[in-house]
Each structure stands twice: as structure tokens, then as C-alpha cells.
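The residues making up each chain are set out below.
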Protein chains: 4
Amino acid sequence: MEYGSYLKLDRLLTAQEPESLKQGREAHDEMLFIVIHQAYELWFKQILHELERVGRIFGGRLVDDAELSRAVHAAERVVKIAQLIVSQIDVLETMTPMDFLEFRDLLVPASGFQSVQFRLIETRLGLTRSDRLKFDGSDFDARLPDDARLRIAAAEAQPSLRAEIDQWLSRTPFVEMGGFDFRAAYDAAIDRMLKADIETIRRHPQLTEPEKRVQIASLETSSAMFDALLDDARFEAVRADGGWTMSRRALQAALFIFLYRDEPALQLPFRMLRALMDIDEQMALWRLRHALMVSRMIGRKVGTGGSSGYDYLRGSAERHRVYNDLFAIATFLIPRSDLPPLPQAVRASMRYRYEGM
Amino acid sequence: MEYGSYLKLDRLLTAQEPESLKQGREAHDEMLFIVIHQAYELWFKQILHELERVGRIFGGRLVDDAELSRAVHAAERVVKIAQLIVSQIDVLETMTPMDFLEFRDLLVPASGFQSVQFRLIETRLGLTRSDRLKFDGSDFDARLPDDARLRIAAAEAQPSLRAEIDQWLSRTPFVEMGGFDFRAAYDAAIDRMLKADIETIRRHPQLTEPEKRVQIASLETSSAMFDALLDDARFEAVRADGGWTMSRRALQAALFIFLYRDEPALQLPFRMLRALMDIDEQMALWRLRHALMVSRMIGRKVGTGGSSGYDYLRGSAERHRVYNDLFAIATFLIPRSDLPPLPQAVRASMRYRYEGM
Amino acid sequence: MEYGSYLKLDRLLTAQEPESLKQGREAHDEMLFIVIHQAYELWFKQILHELERVGRIFGGRLVDDAELSRAVHAAERVVKIAQLIVSQIDVLETMTPMDFLEFRDLLVPASGFQSVQFRLIETRLGLTRSDRLKFDGSDFDARLPDDARLRIAAAEAQPSLRAEIDQWLSRTPFVEMGGFDFRAAYDAAIDRMLKADIETIRRHPQLTEPEKRVQIASLETSSAMFDALLDDARFEAVRADGGWTMSRRALQAALFIFLYRDEPALQLPFRMLRALMDIDEQMALWRLRHALMVSRMIGRKVGTGGSSGYDYLRGSAERHRVYNDLFAIATFLIPRSDLPPLPQAVRASMRYRYEGM
Amino acid sequence: MEYGSYLKLDRLLTAQEPESLKQGREAHDEMLFIVIHQAYELWFKQILHELERVGRIFGGRLVDDAELSRAVHAAERVVKIAQLIVSQIDVLETMTPMDFLEFRDLLVPASGFQSVQFRLIETRLGLTRSDRLKFDGSDFDARLPDDARLRIAAAEAQPSLRAEIDQWLSRTPFVEMGGFDFRAAYDAAIDRMLKADIETIRRHPQLTEPEKRVQIASLETSSAMFDALLDDARFEAVRADGGWTMSRRALQAALFIFLYRDEPALQLPFRMLRALMDIDEQMALWRLRHALMVSRMIGRKVGTGGSSGYDYLRGSAERHRVYNDLFAIATFLIPRSDLPPLPQAVRASMRYRYEGM
């Protein structure tokens, strides 16, 4: 076993073939352009490798706690990788627009938007075809080679991570256990909180009447959204309006986990949800930094892929977030001190029997 | 001289007075909330200190080259500080929504939007009152104490950094020196490039006819914008439509600097422009990460300042960029290889007389 | 409640009094020097605030699991803060040696080594007076004001976090539960592993005989260290030689936690140990980057505190690590696949009774 | 032209062949191990690409200023890449020791120390065979395949970047121009400074007599080192003792550049020197973080390459720094305000003739 052969360096380090070099007028920075995109693709492969593990674990009927810990570990690694590829943009920004122009035309119509692995990551996380931003009016994969389109279609046919998480959350035992009391108690607590918020606005020294009306209206929407969590019919109505994408049971469980996350049995579930939010956030950041970099590089010109890259990236940064529901739940949290105490039975089932460590 | 007294630690380290503690029910995380905002304010003070130096240098009639190097150094330091305060958000994100709720209500109606120093930084950089996003319908400083509003008004009365940069650029000698030839030559080069781009789109295998029309239209806008750079009347028309904010002479000079930045005499001017773009980008990133953090913290609730913080921060991230013109110039760059050679006289004036180092 | 008064900005933003300004010849960069050190002190205060919480939780007889989750959260926040202050050095490095020289002499004999809070952090974590690097031959606090020395003495009189962690680990229930079998089984597994490692070296194609002897000797030391974990007398002998600093029972528990960390009940304990290692690592990094920065700033000159700062910082980076034992335990880990299965009773006690999530 | 074929993704994304998978018992984390090392190698290739450009520019007799700007740009990009690969360690640290143990034995005797590209980078920067830390008693390349050893030998036969920089600095015109006066004036300034420093120590309220003696002795060494810069014979003596590695003329020029870097003509030379120091610092950091990571991963065990990786990495972090001389020069800087004014002739030759920008 030798380092170079183990890493297949012969293949890896000969895979950089600058077009400008082939054409006899090497553009120095094309090497950076190739290397950084190859590094992205290596990391995309690793992200898919980790998401696959998470999928295997959540795909099954039950999630064993020891397995759950592996899934959380994999998801948290994806977060770290995502942070790394965001900071990789710092290196790309050392390429100035004019250095890029030296070889840009040779790339047409190739484009970063043709990265199949990136599309697979989005799909795996839960981004649906219908949620995707149109790409200059056509589908995001319209310009990909057939085999690429087939791989994406296959991935779309699988249940996404969001769907699996939804099912897993829906099975959370505690919410139901003597749960009705909890839900009623929490409903009351929320009502108190929203009423207090409305009071806060009414009494607000610096808000004008129109402002107050706007904000109170938005609070009443929140209130309606929360009530909907308790009633199937209303929930489906709100969901139909795009108010929610996940299921009622899953959202209730997520809320429960956020609220009682200090309970030992909820530690891992909480970290799983947090990791998903972190991934969502890092993907959004990556798109935004990418957008800024593009506007820096080609100004208002059209991208090599024939797209208005800047608009697409900025738009997708918001539009392609798949775990908005988890962010929205924060709306319904209350201070730990106002938290309804859990029924003893539920509480006990989330602790260990041994004497405290 | 002793460390603690030099740094006024007695004052500094006693300036954290959590409200929750005063009220007898300490919320552990309020300390973090106070400390991180105080760290922000310290860094804002430093940024203002550096911008003041830049202002002193560009404020005068002429900018001596040795002075210019100090201005660039100060601006590049602002970039580093901006990067640091962006990553500071990682620490704030260790505070979970429920930890925040423990003391949130005690802060009403205080809000980060009341940071005077941050407003002064925006104003100093060149953000005008009219360009600012309305804040729940009223002016951004409507809710600030009178002395704060006075400080901001005073800053608004001063020429901003953008205005000073505009004047400095307008004085760039080289563009004029036998400049007309250059401009004509460059005009031709740009026309060739835009025609080529249009061809690229026409021949594009994967674009539909409607797409092509859209993109060609946008290129023609670019073309018009560039032509406007050569003609005062047309320029003012485009500028009136918000196409440009800086002056024609300044933009021509900036373009010249981007194109010929390898010339020794243009090194510092180029780094100055790049630093301004970096600052613009980091400020945008700071607002975006801040927005994501807020949505994580309070979901769709209303902010302590009575504002819909998320929408405001997301909106301002785009709206409050003050150096868009410098990004837009990238639209008009051409490959170094197509660059019209400079008249010998101009070239000579940008070199040193000594034999090469 | 208003932002500025809540954050005591009047006090905070008037606490920068550059000496050079007082003396009528302002050195521009002294402001940065003051601001960055004040930012450090703010973060040191926050770190102490978090360590205090950890201490309160581990100080008691038993550690409730819900409380443990708070302790882990606090420790992980300290890691994030430590990472931030390491990257803060990037900003300080924008100050060049000559800019520093403009005001350096005004600071003598003040020195960063006089930061009481930093010393308190070290002490709180578990750094003992005897373990500390001498500071130019005298005690680290010899040059601090009396009140500072008193605060440090008081902190030294308290049990340190390392001592508390040691006690907490020593109480871990599982190791004992039917533990003897485990220990015997593990002993055998380790022997197999070390024998295999020795084989690896013997068969190693590229090692010379002398090299092999050196490495086999070091493995035998490891082996002895491990055996010592099973026998009190031998353990104390190794410990007396500085081989270990923590107690035998604590180290056994830590080993157990590393090995079986996928068990739900060991999740939080594992994260606690990992956070302590991360803090240790970040502190080392901070000292090393600081050392490099100093060598950059003053070369081989003597520091303002009269110290050879570079040597001290480099030395302490290694010498002041307090959780070396936890790093050393990695020596005794074996692949998950070779792990002796846990007795059913032990296993059951680390799971929940509810049906899997 | 299509994205995937342009980036050779078929080759790139099939170059990950985990040994554990081949052997039928996949270790999940081996993929991360392969991917991260491949990412390192891609970046090493890019660093070599940039260093090659720098070499081409400094290799020639004269360095045109426009060319110098490209060299600086390339060197500053290397700094950014180095920072990225340092932070890449954050991702590797998500692999725990036990996860590593799952496949570690399959790698023996492969080792990261066998990275040829990394050795080439070190050699190219100026690390000589004799300066290198012995690797378990034998030469650093003793265990590399023959072709690798040949590539390294070839690189060693070329003049290194440090050698080229030394020659380039030695040709700096200004130092000589009427330089003798400058040197005498500077000599006097330095003497004043060192005398003042000695006074500072003598008067130091908190230093004991022995401490003072030690420090005064070290200052006298500094003084001798500086005097040596003015006298060939003495310089060679100090150099023979390892006091300096670069040439006297080069060091004088570097000193001159640090001192008068605000002069336009010295901007680029100054940034070049600073970039070299930054690269040196980042390489040191990379080795140190790597060392900490290794101690975390295998404790005190022997590395897969048969080496005591931790000791080697820690040792090389200090030993393999190649631009120590540039750091040492900081010892001889004086405040801008004490700087001897330059002869008008010299000053003029470092300015432009045009009216200030």
C-alpha cells in the first residue's frame, strides 16, 4: 500500500486539462477554475455519501438510538463540509474578472448549473421539482445530458430525507403519551404569549397606528397557524396555502422536541433537527456568496450556461430552502419557565434508570 | 502603566448588567447577548476610526501616493474586521430560541436597529437617506434618541466616502492623457465583445427563442449603458433611471483602473476599489447571516424593536449596497489580450524611471 | 429600555484612551490595539461565565441528565468563542511592526500577560501553579497587582473543572456494573492490538532495525500504561512519573465512554469530553498563533512586559494543555468491530424503555 | 463543451476506492479520509502552479513592475489556499479515533508523509535537505518511490524561491543610491533604539537582576546581529552560526523595503515579502493543527507510515520555516517618526511624475 496509489493520484492529478492550454494560449487562472470546481465535486460526493447513511438509518421502520447517533454525526459532518465549501469561495475570489475573461468564452455553454451531484444533494434533502426556481423559463435539468437526467429522476423517485424525517417525527412516542393534557396546556400557554405580544404592540411607544395594525394582523396569522396545528382540517387548509410543507404530526413532534430538548431522550432528535436547519442555512449562504461572486465576475453579463446566474442564485437562495418549517416553529416556542410540566409517565420514559452521572 | 488600567477594564468589565438579573431571575444567556453586542459596538468604533482616516486622505484636493497607501491599508483592515463580525454570528447562534425567550420581553422596545454607530458606518460609506429601506414605514432613525439623530444628520451633511472616491477617480490623470484615442479604441473593442456575446446567444444550442430574446435584450441594455459612458446627455438619462449612481468621469476612471491595474501606478487605486467592493460584500453578508439568525431565533414573530427584522435585514442586504456601480463595471471588461495598448506617453507616466527590480 | 443604555455604550465607547493621543502625537493603530484587547477581555468574561455554569453543575454530588445537557451546551459554546478569538488574530495582524512601534514604548511595562481573566480561565480549566511555565524565572502572577493575585489565589483554592470532571467520571455507574468481565475482555483485546502493532513494526518493509527497536519500546510503554489502568499500585507509579494526571477510575470511565459512546446514555458524557479536548486544542492554537504574531511584530526584541514573549507563548502552548490524558486515551481505543459486547444488564441500563424513535 | 467532461468528472469521481470496501467490510469514514486527502492534493497542485508562475517571474535577470504585480497576486493566492487547507482540518476532525481504527490497519505502510507534492512545495519555497527534520532517523524521502525521489531531486537542483528572492532583493536599486548616508543614519538610529531598550530593562520595576542580565545579553546579541548587517566578515560569521540564512545585501534591501514601504515603488516589493511570511506562517499552522489532530486520533501510537507523526509534525512546524530571516528583521525596525529622511534623489525615483491621484 502506497500513498499515491491508494489515492489514485495518477488519475486525480492528470484530470486538469485547461482548454486555453489546448488552444495554445494558456490562461494561468484556468487551472484554479478547474481545481476549485473539482474540489467542490469531491465534497459533493462526500456529502452524498453522508446523506446516504442518514437515509439508510431513517428509511427503516424504527430508528435505534445507537443508529440515531450515527445519523446525527453524519448530518453534523455535512454541516462542516458545507461551511468549508462556503469559505472556498474566498479562494475563487482571488480570480479577477479580467483573468476569468481570458478563458471564459472557451467554456460556453458549460456551466456550474450542470453539476449533477449538486442537484442530487438538493433533491435528496427534499427539494421537489415543483419547488425549484425555473431556469430561464425551463426546468432545472432541461440542459443536462440524458444519463444525468435519469439519475436525478431516480433520486426524485426515492423518498427524500425531508419525507423520512417527517415520518420519523410522526412516530415520536412522547407527544401522544398522555399527550392531550400537554397539548391543551401548551395551547393555553401559547394563547397567553400571543395575547401578551399583541399587548406589547398596542402599548408600543414608538409604533404608529397603521404599523400596529400590520403587526397585530401578522400575529393573528401566527395564532391561526398554531391553532391549525391542533386541528386537521384547518391544518390542511393552511398547508394548501403553502403555510406548511411538513405534516401536522411531524410538526407537533418537532415542537415537542424543541421545547423539551433538555430531556436526555430528546438530545439526539434535537441535534438532528438543528443539523438540518444548519445545512439549510449553509446551502442558502453558499448560494448567496456565489451570487455575489458572480456579480463581481461578470457584472450584468449573461453566464456561460446562457443564464442570468446572479438572479437565479439569489432567487434560489430563498426559494430552495427545504426546512423552512423547522425555522417557523420558533414562532411557537415559549420561555422554559412557562413550559407546562410533563406528566410524570412521559418524563420518566425519557430518563435513564441508573443513578445520575 | 498597567494592563488593566490601560484598557480601562474596571469600566469595561462592569458594563454588563443583565435585566433578568436585576429582576431576580437571571437568564444565563443574557450575558452572551450583552457581550456579543458590546463586541460589535467596539468593532463598529474601530471601523469608524479607519473610515475617518480614509476620509481625511480623500477629503483633500490631492491624494499623495504615500498617503494613498495608508488609505488602502485602512480600507483593507475594515474588510478583515467585517469578516470577523460576520463569523461572530457563529457564537450568537449557540443561543437557542428558548434561551433567548427567557429575557427577550425585558428588552422591548430596545433593538439592534438602534445602533447609531452602524448607521454612521452606512452613512459614511455612502448610503443616503433616500436609498434606505423604510423601517416599518417610517425613517430608519425615527426611533432613535435626539442626540443620535443629530449625529447621523451631521454625518449626512458631510461628503460621504463614495462622494470623495467619485471626485478622486474623476481626477485620475491617465484617462485624459491622449485619452480620446484610448476611448475610441475601447469603444470598438466593447462593440466587438457585445456582438460576439449576442452571437453566442443566437447560436446557443440549449436556449429557446424566447430565452434568447430576453438575453439579447439585456445585452442591448448593457450596450446602451456602456455607450452612455461616452456621452454626457445619455449618461444622465441612464443615471436618472437609477442605472448608475456615480459620475461618468469617475466610472470611466474606475474602468481604466480595472483594465490596466498591472501598471505600477494603478496598483494602489485598484486595491482601493477592490477593498470598497469587499466591504460592500461583507456588509451584505452580515445582513444576510443576521437575517437567517433572526428567522431561526423568533421565527415569524415580531422583533423587540417592533419590526419585522427578517424582512428588513433581507431587504437591506440588497438595497443598502453602495458600490453596485463598481460591480457593474465588470460588465465592460475585456480579456487582457484584447486590451488596446496604451499610448507610450501614458504608459511611461505610470512606470518608474529606475531599472527594474 | 433603549439599546444604548441597555449596553452601557456611554461607558463602553469612552473606554478607549490611546496613550499616544494623550501625549499629543496620536498613533493611528493604538486604537486597534486597545479595541482588540478589550474585545478579548469581553470574550474572556463570557468564557468565565460559561465555565462557572459548568462548575455549578459538576460541583454537586450528582449530575442530573437534564443539567448535563446544559453543561455540554456551555462547554461547546466556549469552543466556539475560543475559535472566534483565534481568528481575531487575523485582524491584529493587519498592524505592521512599524505601526506598533509608534506607541509600543508608551505601554511598558504593561503586557497582555497581565490579563487576570485569562489566568483565571487557565486555572478554572485545571492548570495548576506548579504545571505553569515559569515567566522569566518568576511565578506567572509575580507582576500582577495584589487584588489580581488574590483573585487568582481564590480560584486556585476552588476545585478546578478538571478535578470536578475527574470526580464525575469516577462515579460513572456502568464501568462497575458487571464491569470486571468487561475489563478482562478489554484487556485481552488491547493485548491483541498491541501485539498486532508490534508485528506491524517487525514486518515493516521500510523501517530499519534501530527504528523498529525505538518504536517497539514506545509500544511497550503504552502497554505498561494501559496495564497500569487495571492496577492501583502500578498506576500511581506511572502517575508519579507524570504519565497520567487524572485518576485511574476517571480514566477508565473516560475510556468506557469513548468506546461505547453510541449508547444513548453516553452521548452527553462523550460530548462533554470532546468539548474539553476542543477547548484544550483551541487554547493551544491561540497561544501558537499569538506566538507567531509576536515574532512577526517584534522579531527577537524583548516584550513590553519585559518577557521573551515568543518563547513563553510557544512553550506554554504545549506545557499548559490540561486535558492531555483525554488525548492519550486514544492510544487504547480499538475498532468498534473488536469491541467486547456489553453485558445485557449494562446495555439495558443505557437505553430507553420506549419503542425506538 | 459540457461541465462534466470539462472537469473530467468521470475520472475524478471514480478515483475513490476504499480498501475496506474491497475487503468486503466497508468502513463508512474511509471515504472521507480519501476525499479530504485528494482535496489536499488538488490544492497542492494549485499551489505548485502558482509558485511556478512566481518562479518564472523571479527567475529572470530583471523583474518588470507589471510582472511583479502578477507574482504578488500569485503569492497572495497561495496564502488564501493555505488558509483554506488549514480550515479543512475542521472536517477531518469530525472523524473520531474509533472510526479511523476501522480501516487504519489497511493503510499501512502508506502515510501522508509520502505526499510528493507537499515535499515539492517545501523544496520550492526554499527548504533544503539539510534543514529538514530527520524522519525516524532517515532522510525525508527515503521511503518514497524512485520516481518521486527523482522529481524531488530535480526540484532541489533548481534555484529555490528563497534563492531567487534573495537575488532579486540584492538588486534593489534604492539601497545603494546615495545609500551610504542612509545606512550610517540608520545605524545611529538603531543604536539609539537598542540603548533605549537596555535602559528600559535596567529601569524595569518588575525585573530581577538575573532576568535583566539575560535580557540585556539577548539585546546585545541583536545589536551584534545588526552590526553584522553592515560588515561582510562579521555577517558571514553570524551566518555560519545559523544567525541568518539569506545574504547581507538581500537582508539590507528587505529592511529598506519594510522601512519605506509607503513609497509607491516599494508597495509591491513589500507585499511580496509579506506574502512570503504569511505562507511561512500558514504552513507552520497547518503542521501544528495536523499534529494536534494526530495526537487526537492515535494518541501515542505509531503512525501508519511507521513514524511518530506527532513529534515529527510538531518539530517540523518550527524547523521547516524558511523565511525566518524576514521575521527576524522586525527586530531592527524603528518607529516611522524616527526614520532617517531619504535623500531627495532616492525619494524622487520612487514616485511618479504625474500630479497626485
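Basis of the calculations
- Residues numbered from 1 in each chain as written.
- Chains lettered and ligands numbered in written order.
- Predicted model: local features only at pLDDT ≥ 70, side-chain atom pairs only at ≥ 80, totals over all residues.
- Heavy atoms only, no water.
- Helix = DSSP H or I, 4+ residues; strand = E, 2+ residues; numbered from the N terminus.
- Contact = heavy atoms within 4.5 Å.
- Areas by Shrake-Rupley, 256 points an atom, 1.4 Å probe, with all protein chains shown as cover.
- Buried area = accessible area lost by both parts, 1.4 Å probe.
- Salt bridge = Lys/Arg side-chain N within 4 Å of Asp/Glu carboxyl O.
- Phe/Tyr/Trp six-rings, centres within 6.5 Å; stacked < 30°, edge-to-face > 60°.
- Buried < 20%, exposed > 50% of the residue type's maximum accessible area, 1.4 Å probe, protein only.
- Lys NZ or Arg CZ within 6 Å of the ring centre and 35° of its normal.
- Expected span 1.5 Å × (residues − 1).
- 1 Å grid on protein atoms, 1.4 Å probe; cavity = no way out; pocket = protein on both sides within 12 Å on 5 of 7 lines; lining within 4 Å.
- Points joined across faces, edges and corners; volume = space filled by probe spheres on them.
- Nonpolar A, V, L, I, M, F, W, Y, C, P; charged D, E, K, R; others polar.
- Axes fitted to C-alpha atoms, helices over the stretch in contact; angles between N-to-C directions.
- Parallel < 35°, antiparallel > 145°, perpendicular 65-115°, else oblique.
- Left-handed = near helix turned anticlockwise from the far one by under 90°.
- pLDDT = per-residue confidence, 0-100.
- Least-squares fit on C-alpha atoms with pLDDT ≥ 70 in both.
- Core = buried A, V, L, I, M, F, W, Y, C linked by side-chain atoms within 4.5 Å.

Novice: Can you help me understand the overall build of chain A in this one?
Specialist: On a plain count of helices and strands, chain A comes out with 19 helices and 0 strands. C-alpha extents for chain A along the principal axes are approximately 75 × 60 × 35 Å. Long-range contacts, defined here as pairs at least 24 residues apart, represent 74% of the contacts in chain A between residues at least 6 apart. Accessible surface, chain A as shown: approximately 12400 Å² in total, 54% of it carbon and sulfur.

Novice: How should I be thinking about the interface of chain A and chain B in this particular structure?
Specialist: Accessible area lost on assembly of the parts is the figure often given for the size of an interface. In this assembly, 66 residues from chain A lie in contact with 66 residues from chain B. Roughly 5600 Å² is buried in total at the junction of chain A and chain B, and carbon and sulfur atoms are behind 53% of that figure. The interface formed by chain A and chain B contains 10 salt bridges. Between Arg296 of chain A and Asp278 of chain B there is a salt bridge, with its nearest N and O atoms 2.6 Å apart.

Novice: What is the right way to read the packing of aromatic side chains from this model?
Specialist: The geometry of an aromatic ring pair is captured by two quantities: the separation of the ring centres and the angle between the planes. What the rule picks out here adds up to 56 aromatic pairs over all chains. A ring pair is formed by Phe226 of chain B and Phe332 of chain B, whose centres lie 5.3 Å apart and whose planes are at 45°; its orientation type is tilted. Here the residue Phe226 of chain B occupies a position in helix H13 (residues 209-228), and Phe332 of chain B occupies one in the loop between helix H18 (324-328) and helix H19 (344-349), the gap between them amounting to 106 residues. Geometrically, the ring pair formed by Phe44 of chain D and Trp286 of chain D is edge-to-face, given 6.4 Å between the ring centres and 80° between the ring planes. Here Phe44 of chain D, found in helix H4 (residues 30-59), pairs with Trp286 of chain D, found in helix H16 (residues 267-298); they are 242 residues apart in sequence, far enough to count as distant. Its relative accessible area of 3% is what places Phe44 of chain D among the buried residues. The exposure class of Trp286 of chain D is buried, given its relative accessible area of 10%. Chaining the aromatic ring pairs together yields one cluster made of Tyr40, Phe44, Phe118 and Trp286 of chain A. Over the ring of Phe140 of chain A we find Arg132 of chain A; its NZ or CZ atom is 3.9 Å from the centre of that ring.

Novice: Even after reading the chapter, I still don't get helix H14 (residues 248-259) of chain C, so can you show me in this structure?
Specialist: An α-helical turn contains 3.6 residues, so any two residues separated by three or four positions project in the same direction. Here H14 of chain C spans 17 Å end to end across 12 residues, near enough to the 16 Å set by a 1.5 Å rise per residue. Along H14 of chain C, the residues that are buried comprise Arg248, Ala250, Leu251, Gln252, Ala253, Ala254, Leu255, Phe256, Ile257, Phe258 and Leu259 of chain C.

Novice: Hey, could you run me through empty space enclosed by the protein in this one?
Specialist: Picture a little ball the size of a water molecule; that probe, rolled over the atoms, points out where space is still empty. Counted as a void, the second largest cavity has a volume near 1100 Å³. In terms of lining, the second largest cavity is formed by 47 residues, of which the most central are Glu76 and Lys80 of chain A together with Glu76, Lys80 and Arg274 of chain C. Elements with a contribution of two residues or more to the lining of the second largest cavity: helix H5 (65-87) and helix H16 (267-298) of chain A, helix H16 (267-298) of chain B, helix H5 (65-87), helix H15 (267-298) and helix H17 (324-329) of chain C together with H16 of chain D. Ranked by residues supplied to the lining of the second largest cavity, first place goes to H15 of chain C with 8 residues. Among the residues making up the lining of the second largest cavity, the classes are represented as 15 nonpolar, 10 polar and 22 charged.

Novice: How should I be thinking about H5 of chain C in this particular structure?
Specialist: The end-to-end C-alpha distance of H5 of chain C, which contains 23 residues, comes to 34 Å, matching closely the 33 Å that a straight helix rising 1.5 Å per residue would cover. Burial runs high along H5 of chain C: 18 of the 23 residues are buried.

Novice: Even after reading the chapter, I still don't get the side chain of Gln117 of chain C, so can you show me in this structure?
Specialist: Following the sequence through the fold, Gln117 of chain C ends up in helix H8 (residues 116-125). When its relative accessible area of 7% is taken as the criterion, Gln117 of chain C is described as buried. Residues within four places of Gln117 of chain C in sequence aside, it is in contact with Leu13 of chain B together with Glu41, Phe44, Lys45 and Leu48 of chain C.

Novice: Honestly, unusual backbone geometry in this entry has me stumped. Any pointers?
Specialist: For residues besides glycine, phi is generally negative; the peptide bonds are generally trans as well. The phi torsion at Lys8 of chain B lies on the positive side, around 55°, for a residue other than glycine. Among the structural elements, Lys8 of chain B can be located in the loop between helix H1 (3-6) and helix H2 (9-12).

Novice: Which parts of the structure should I look at to understand the pattern of salt bridges?
Specialist: Pairing between side chains becomes possible if they bear opposite charge and their charged atoms approach one another. Scanning the model with the defined rule gives 147 salt bridges over all chains in all. When the shortest N-O distance is used, the salt bridge between Glu199 of chain A and Arg203 of chain A registers 3.9 Å. Highlighted residues: Glu199 of chain A and Arg203 of chain A, both in helix H12 (residues 179-203), separated by 4 residues, approximately one helical turn. Put simply, Glu156 of chain D and Arg129 of chain D hold a salt bridge, and the shortest N to O gap is 3.1 Å. Taken together, the residues Glu156 of chain D in helix H9 (residues 146-157) and Arg129 of chain D in the loop between helix H8 (116-125) and H9 connect sequence positions 27 residues apart. Classification of Glu156 of chain D by relative accessible area gives partly exposed; the value is 29%. Since its relative accessible area comes to 29%, Arg129 of chain D is described here as partly exposed. In this structure, a network of salt bridges that share partners links the residues Lys8 and Arg11 of chain A together with Glu17, Glu19 and Lys22 of chain D.

Novice: Looking at this structure, how should I read the packing of helix H17 (residues 309-319) of chain A against helix H17 (residues 309-319) of chain B?
Specialist: Two quantities define a packed helix pair, namely the angle between the axes and the distance from one axis to the other. For the pair H17 of chain A and H17 of chain B, the least separation of the axes is 14 Å and the interaxial angle reads 170°. Taken together, H17 of chain A and H17 of chain B sit at an angle that is classed as roughly antiparallel. Crossing of H17 of chain A over H17 of chain B shows right-handed handedness. For the pair H17 of chain A and H17 of chain B, contact is made by Tyr310, Arg314 and Glu318 of chain A and by Tyr310, Arg314 and Glu318 of chain B, respectively. Residues that form the contact of H17 of chain A with H17 of chain B fall into these classes: 2 nonpolar, no polar and 4 charged.

Novice: Can you help me understand the confidence of the model for chain A in this one?
Specialist: Detailed reading of the predicted model is not advised wherever pLDDT is low. When pLDDT is averaged along chain A, the result is 86, and 92% of the positions lie at 70 or above. The model gives residues 353-357 of chain A a pLDDT under 50, and that stretch makes 20 contacts with residues more than four places away or in other chains.

Novice: What is the right way to read the relation of the copies chain A and chain B from this model?
Specialist: Two chain copies here: they are related by a rotation about an axis and a translation along the same axis. Each copy superposes on the other: chain A lies on chain B with an RMSD of 0.1 Å after a rotation of 180° and an axial shift of 0.0 Å. Taken together, these values place the two copies in the relation of a two-fold axis. A share of 100% of the interface residues of chain A reappears at the interface of chain B, consistent with the copies meeting face to face through the same patch.

Novice: I keep staring at the nonpolar core and nothing clicks. Help me out?
Specialist: When a protein is soluble and globular, its nonpolar side chains tend to lie buried together. In this structure, Trp43, Leu169 and Met272 of chain B together with Trp43, Ile165, Leu169 and Met272 of chain C are the most contacted members of the largest nonpolar core, which totals 249 residues. Core analysis: the next-biggest nonpolar cluster, separate from the first, contains 248 residues, Tyr186 of chain A, Met98 of chain C together with Leu32 and Leu219 of chain D among them.

Novice: For this particular structure, what's the right way to read the packing of H16 of chain A against H17 of chain A?
Specialist: Residues and elements named next belong to chain A. It is the contact of H16 with H17, at a shortest axis distance of 8 Å, that shows an interaxial angle of 160°. On the basis of their axis angle, the class for H16 and H17 is roughly antiparallel. For the pair H16 and H17, the sense of crossing is left-handed. Contacts between H16 and H17 pair Ala284, Arg287, Leu288, His290, Ala291, Leu292, Val294 and Ser295 from the former with Tyr310, Leu313, Arg314, Ser316 and Ala317 from the latter. Here the contact of H16 with H17 is composed, by residue class, of 8 nonpolar, 3 polar and 2 charged.

Novice: For this particular structure, what's the right way to read the environment of Leu42 of chain A?
Specialist: Position of Leu42 of chain A among the secondary structure elements: in helix H4 (residues 30-59). When its relative accessible area of 0% is taken as the criterion, Leu42 of chain A is described as buried. Considered as a pair, Leu42 of chain A and Ala154 of chain A are 112 residues apart in the sequence and their alpha carbons are 21 Å apart. Not counting residues within four places of it along the chain, the set of residues in contact with Leu42 of chain A comprises Leu12, Leu13, Gln16, Val35, Gln38, Ala39 and Leu42 of chain D.

Novice: It is not clear to me how the environment of Ile121 of chain C should be interpreted in this structure. Could you clarify?
Specialist: Residue and element names in this part refer to chain C. Inspection of the secondary structure puts Ile121 in helix H8. For Ile121, a relative accessible area of 1% puts it in the buried group. For the pair Ile121 and Ala153, spaced 32 residues apart in sequence, the C-alpha separation works out to 13 Å. Ignoring any residue separated from it by four or fewer positions in sequence, one finds Ile121 in contact with Phe44, Ile47, Leu48, Leu51 and Met283.

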